[in-house]
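So the chains spell out like this:
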Amino acid sequence: MESLPIFYFNKIKTIPSHESTYLINNSSLQFFTTPCQNSLSLPPPPIPFPSNRFHTAYHIDCGSSTTTTDKFNTTWLSDRYFTAGSTGLVSEPLRFKSFHEKTLRYFPVSSGKKNCYVFPELPPGRYHLTTFTVYDNYDGKTHPPSFDLSIEGTLVYSWRSPWEDDDVSRYGAYSDFVFFTSDGDADVCFYSIATDPPVIGSIELIRIDPASYDPVLTGNDSSILVNYGRLSCGSNRWGPGFSDDSDVFGRVWRSDAKYRSKNSIGIKSVTAVRKVTSTGKSPNYFPAKLYDSAVTLTGTGNLEYELPVDAKLDYLVWLHFAEIDVSVNRKGKRVFDVVINEENVTRIDIFKEVGGFAAYSYRYVARNLSSATLSVKLVHVVGSPLICGLENYAIVPADIMTVPEQATAMQALKESLHVPERMGWNGDPCAPTNWDAWEGVTCHPNKDESALVIFQIDLGNQGLKGYISDKIVLLTNLVSLNLSSNSLGGTLPAGLGQSSLKKLDLSNNEICGSIPDSLSSSNLQLVFLNGNKLKGQVPEELYSIGVHGGAIDLSGNKELCGVPSLPSCPLFGGPSNGVKIAVGVSCGTVFLLVLILIFICIRRRRNDYDFALPHELVSLSAKRNKYHTQKSLMALEVESQHAKGFIRNYSLN
C-alpha cells in the first residue's frame, strides 16, 4: 500500500492511496551480500552501480536474519545498521508477496525514545530513500503505534494511531525522499510517542546524481524533498519492484487516474508508436517508459489535477511532456498554458520546444501554499493539452543540527560513560528540534541560530560505569554537568573546566587522580567532588569558590590536602607533578651543597697534622735543635762538677 505523506504544521500524516502495494528494487544493479550483521556492525561498502558513477545502494530487509534475492533480481540485505530494537513478523505473511515485506523491526520503550538506522561510510552527495512501514498486528495488540521519523535530523513524517485506514495498517505503506548528506553517514531515526514502539519493514538508500531535481532551486542541502505524488499518465503503476521497467533512482510511478479532477472531461490515453528520444539523461535519468504514454482530451477543454498537500510549505512541481501524437507534426498545433494554484506560470508548445517524439520537462516551485490542495491545470490555447507525467515534492526545510564537534564529543561520551540503551542516545544529540534532545541533555541554538549546542548534561544516578572522555572539552557551551552518584572511574580530563562551565557535580563516584589545573582557572560557581578517590593538593583558586559566594565540597577524598578543612600536604604532596619535581630538585641541590661543605672541612682537618714546610725551613729548624741540645749537655756537666767541689770557670756564651 503506497502512501502520500501529508503535513500538518510540521508533522506529517500518511494518507493511503487505496491501491495495491508496490516493491522497490532495481534488477539491473549489482549488490554485495554478507552474513547477518547485528546492531551497528559495518560490512564492506556496497558495490556501486556499474551504469552510473554516482550510485551506491542499500536494500535493507528490516527484521530479517538472512540475505535474499527477489524475483526482480534485487538483493535484500539482512537487517543491519540499527542501534537497538527487536524483530517481528507480520501476522498474516501469506498476504505479502515479497519476503522483505513480511519481517519488521520494532523499537520497544526499553530501547529508548529515539532509535536509528545509521548508514556508514557514505560519499557526500544526494540520496533517494524509500521506507516501507507496516504493522499488520504483529504484536497482537491491534494498536498501530504513534511515532515520528526523521532523516539527517529533520522530521519528515509522523504516524498517529489509529492510522488513516485499516488497509495501511494491514498492507503497509511506502514513502520516499530526496536528501543531501556530507558527514559520511545517513541517520534515519524513529521517535516513540508515549510508549508506542515504532516499526519499520524495509529501508532502501540509493545515491543519485548531485544535480538531480535542481538543488539550486530547492535550496541545495538546506532542504529535503518529500514525495507527495509521482504520476505516470495514461498507464498503470510501474517501476522497480512493480514491473520489469527500471529506474536507476529506484522511483516507482503510479497511475494518475485517482488525481484527475472531475472537471477534466473527455480523457483519452495516447501511446507512443515509436521510440521517444532524449530520455534517461543526466542529471535526472527519467526513464523512457515515462514518455511512452500520455493523456489528452477528446475535446478542447482543460486537463486538471488535484494533489493533496500541506499548507505553509513550498512544493516542487515537475511536469513531463512528449508529443507522441503523430497528428501533431508542427509547432503551433498544440499549445496550452500551465496554471498552478490559479497562477499562469508558462505556455507550452511541445513540438516547438523539442519536436515530435522527444522528451521535454518543465519545473516550477509553488511557494507558501495556503490550502490543502495543489491544483495543476493545463488550459488549452490551441488543440487539447497533453501530459506524460507529473511529480510533486514538498520542500521541507532542513532542521538545524548539533555543531559537528559537539556531536562528536557526545558520541565519545556515550561510549566512555557506557550510557545504557534505554536512554536512546542515538542520532543527532539535539535534532530534530521538534523532539526532545537525548535523555538528560539540554540543547540551545548558538548565537546566530545556525546550529545547536550542548547546554546541560544531567545524568545523575543513572548507573554509569565508565569514565569521562577527554573530548568533553569540545563542549564549549556546556554550563552544567551532573554525573553524580554513578560508578565512574578514571581521572578528571585535563581540560575540564571550560569557560562556560558554571556547575560541576561529580560527587559519589570512584574518580581518582589529582584535580586538574584547568578547574582552578574556570568560572565555576558550584563544585561537588565529594565521595571520590581524588588525591593531591587542591588548587587554592578552586577552593576560593566557596569564599566568593559559591559552593564547593571536597569531603570524602582521603588523600586531598592543602586547604582549610583538609590535612596539610606532605613535602611531595603538591598539586602537580611539576611542583613535586621542582621541590625535589631544590632539596637535591641543598643536599649536594652540604656534602661539598663536609668534604672541605674534613680536608682542612687533615692539613692541621700533616702540614708540610718548605725545605729551607726544615734545615734551619734542624740546626737550631742541634745547638740547643749541645748547650743543654754543657750545662749538665757544669752542674756535675760543681757538685764535686771542682768548679771551672766556663762561659756558656
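Reading the values: the criteria
Residues numbered from 1 in each chain as written. Predicted model: local features only at pLDDT ≥ 70, side-chain atom pairs only at ≥ 80, totals over all residues. Heavy atoms only, no water. Disulfide = S-S within 2.5 Å. Helix = DSSP H or I, 4+ residues; strand = E, 2+ residues; numbered from the N terminus. Buried < 20%, exposed > 50% of the residue type's maximum accessible area, 1.4 Å probe, protein only. Core = buried A, V, L, I, M, F, W, Y, C linked by side-chain atoms within 4.5 Å. Pairing = 2+ DSSP bridges. Axes fitted to C-alpha atoms, helices over the stretch in contact; angles between N-to-C directions. Expected span 1.5 Å × (residues − 1). Contact = heavy atoms within 4.5 Å. Salt bridge = Lys/Arg side-chain N within 4 Å of Asp/Glu carboxyl O. Phe/Tyr/Trp six-rings, centres within 6.5 Å; stacked < 30°, edge-to-face > 60°.

In this structure the tally under the stated criterion is three disulfides. Sulfur-sulfur distance for the disulfide between Cys 116 and Cys 189 comes to 2.0 Å. Across the S-S bond linking Cys 116 and Cys 189, the dihedral sits near 100 degrees, which makes this disulfide right-handed. Of the two residues, Cys 116 sits in strand S8 (residues 114-119) while Cys 189 sits in strand S13 (residues 186-192), which places them 73 residues apart along the sequence. The residue that forms a disulfide with Cys 430 is Cys 443, at a sulfur-sulfur distance of 2.0 Å. An S-S torsion of about -75 degrees defines the bridge between Cys 430 and Cys 443 as left-handed. Of this pair, Cys 430 sits in the loop between helix H3 (404-416) and strand S28 (441-445) while Cys 443 sits in strand S28, and the two are 13 residues apart along the sequence. Across the pair, Cys 443 and Cys 430 agree in class, each one buried.

Let's shift gears to the nonpolar core. Membership of the largest hydrophobic core comes to 102 residues, with the highest contact counts inside it found for Tyr 117, Phe 119, Phe 321, Leu 374 and Ile 387. If you tally residues by element for this core, the top one is strand S21 (residues 314-322), at seven residues.

Moving on, we get to the sheet that holds strand S36 (residues 559-561). If you walk across this open sheet you meet the three strands as S32-S34-S36, and the pairing is parallel. Whereas interior strands pair on both sides, the edge strands pair on one side only; in this sheet they are strand S32 (512-513) and S36. With three bridges joining them, strand S34 (residues 533-537) and S36 adopt parallel strand pairing. Across the sheet, the residue bridging to Gly 536 is Leu 560, located in S36.

Attention now goes to the sheet that holds strand S23 (residues 343-348). Spatially, four strands are ordered S20-S25-S22-S23 in an open sheet, and the strand pairing comes out antiparallel. Looking at which strands have only one partner, the edges of the open sheet turn out to be strand S20 (303-308) and S23. On average, each strand axis in the sheet is inclined to that of its neighbour by 20 degrees, with strand direction left out of account. Where strand S22 (residues 335-340) lies against S23, five bridges are found, and the strand directions are antiparallel. From the neighbouring strand, Val 338 faces S23, where its bridge partner is Thr 346.

The next subject is H3. A rise of 1.5 Å per residue sets the reference length of H3, with its 13 residues, at 18 Å; its end C-alpha atoms lie 18 Å apart and thus fit the reference within 8%. Looking only at H3, the buried set comprises Gln 406, Ala 407, Ala 409, Met 410, Ala 412, Leu 413 and Ser 416. Along its buried surface, H3 packs onto S28 and strand S29 (452-458). Directly beyond the C-terminal end of H3, a positive phi value near 55 degrees is found at His 418.

Moving on to the pattern of salt bridges. The full count for this structure, using the stated rule, is 14 salt bridges. Salt-bridge contacts for Arg 160 lead to Asp 148; the nearest nitrogen and oxygen are separated by 2.9 Å. You can see Arg 160 sitting in the loop between strand S11 (154-159) and helix H1 (166-171) and its partner Asp 148 sitting in strand S10 (residues 147-151), a full twelve residues away along the chain. Here Arg 334 and Asp 325 are joined by a salt bridge, their closest N and O atoms 3.4 Å apart.

So, about the packing of aromatic side chains. Taken as a whole, this structure holds 27 aromatic pairs when the rule is applied. Pairing Tyr 135 with Tyr 138 gives two aromatic rings, centres 5.6 Å apart and planes at 80 degrees, and the pair type is edge-to-face. Judged by its relative accessible area of 15%, Tyr 138 falls in the buried class. Here Phe 147 and Trp 159 contribute two aromatic rings whose centre-to-centre distance is 6.4 Å and whose plane-to-plane angle is 25 degrees, an arrangement assigned as stacked.

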